[in-house]
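# Descriptive structure summary
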Amino acid sequence: MPDALERLKATLADLYVVERELGRGGMAVVFLALDVKHRRKVALKVLLADRTATVGSGRRGHCDPALAGSHRC
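This section reports on the structure supplied with the text. From a predicted model like this one, the values you see are computed outputs, not experimental measurements. Residue indices begin from 1 for each chain and proceed along its sequence in written order. In keeping with the model being predicted, local features are shown solely for residues with a pLDDT of at least 70 and side-chain atom pairs are shown and tallied solely at 80 or more, while totals for entire chains, interfaces and linings include all residues. Think of the side-chain values as coming from all heavy atoms in the structure, minus any hydrogens and water.

For the rest of this paragraph, the subject is the pattern of salt bridges. Should a side-chain nitrogen of Lys or Arg be within 4 Å of a carboxyl oxygen of Asp or Glu, the pair is scored as a salt bridge. Counted by the stated rule, this structure contains two salt bridges. Notably, a salt bridge pairs Lys 41 with Glu 19, separated by 2.8 Å at the nearest N-O pair. On the criterion of sequence distance, the pair formed by Lys 41 in strand β3 (residues 40–47) and Glu 19 in strand β1 (residues 16–24) is long-range, its members being 22 residues apart. For Glu 21, the salt bridge identified is with Arg 24, shortest N-O distance 3.0 Å. Under the scheme used here, helices are H or I runs from DSSP no shorter than 4 residues and strands are E runs no shorter than 2 residues, and both carry numbers assigned from the N terminus.

This is the structure we're talking about:
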């Protein structure tokens, strides 16, 4: 993962300073970063490429109400 982290840092260098990994799950990794423009700490969620190719293949249009908030699904 060090190579992937370095690529992420290089890709986002103009927007964020990626500090460290906060956590990971089955589909994504969350990093602590500094938003350069707004000078505040943020969490960046990065989907794992090898896990996302088949996600949602049979669930097009699905909307999780807990995530949607006031958005109508």
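A few words on the pairing of β3. DSSP bridges decide pairing: two strands pair if at least two such bridges lie between them. Where strand β2 (residues 28–35) and β3 come together, eight bridges link them in antiparallel fashion. Within β3, the position partnered with Val 29 by the bridge is Val 46. Counting the residues between successive antiparallel strands, the hairpin from β2 to β3 contains four residues, one of them, Arg 39, with a positive phi of roughly 50 degrees.

What follows is about the environment of Asp 14. Of note, Asp 14 is situated in the loop between α1 (2–11) and β1. Residues Asp 14 and Val 36 lie 22 residues apart in sequence; the distance between their C-alpha atoms is 7.5 Å.

Function-wise, these values are silent; they only describe arrangement.
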